[in-house]
Amino acid sequence: MTDIVLTPSAAKRVAFIADKQAKPAILRLAVEGGGCSGFQYRFGLADTVDAEDCAVETDGVTLVVDPVSLDLVRGAAVDYVEDLGGAAFKVTNPNAVAGCGCGSSFSV
């Protein structure tokens, strides 16, 4: 099983944002306590990949996840979706047993 996947759509969006901010195309996904379901996803551009990070690359863009967060998102896919409700990064997490309506928080 792949630890985590970054879709081409998400990679394209990260590359666009990183280019606009003159930063490396490295997206960090972290899981924090909170949100309406217990845990919430946090995204941000990173300057480097830490030695203990899980890192995957798609189309020249790197997705990094710290070891603690990886335990909660192992097997997940990070996508970028645009629809009538707006545009956002979306995590499809097979470990989540429940989530909130907006998709930004989950429970295991």
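Residues numbered from 1 in each chain as written. Predicted model: local features only at pLDDT ≥ 70, side-chain atom pairs only at ≥ 80, totals over all residues. Heavy atoms only, no water.

Visitor: Provide a residue-level description of the pattern of salt bridges, including the pertinent values.
Guide: Applying the stated criterion to the full structure yields five salt bridges. Across the salt bridge formed by Arg-28 and Asp-50, the nearest N and O atoms sit 3.6 Å from each other. One end of the pair, Arg-28, is in strand S2 (residues 26-33); the other, Asp-50, is in the loop between strand S3 (39-45) and strand S4 (54-58), and 22 residues separate them in sequence. With relative accessibility at 33%, the residue Asp-50 sits in the partly exposed group. Between Arg-74 and Asp-71 there is a salt bridge whose closest N-O contact spans 3.4 Å. You can call Asp-71 exposed: its relative accessible area is 55%. (Salt bridge = Lys/Arg side-chain N within 4 Å of Asp/Glu carboxyl O. Helix = DSSP H or I, 4+ residues; strand = E, 2+ residues; numbered from the N terminus. Buried < 20%, exposed > 50% of the residue type's maximum accessible area, 1.4 Å probe, protein only.)

Visitor: Please set out the sheet that holds strand S7 (residues 86-92) residue by residue, giving values where relevant.
Guide: What holds strands together in a sheet is hydrogen bonding between their backbones, with the strands either parallel or antiparallel. Here we have three strands laid out as an open sheet, ordered S1-S6-S7, and mixed in their pairing. The open sheet has two edge strands with one neighbour each: strand S1 (4-6) and S7. When the angles between neighbouring strand axes are averaged without regard to direction, this sheet yields 25°. Pairing geometry for strand S6 (residues 76-83) and S7, over seven bridges, is antiparallel. (Pairing = 2+ DSSP bridges. Axes fitted to C-alpha atoms, helices over the stretch in contact; angles between N-to-C directions.)

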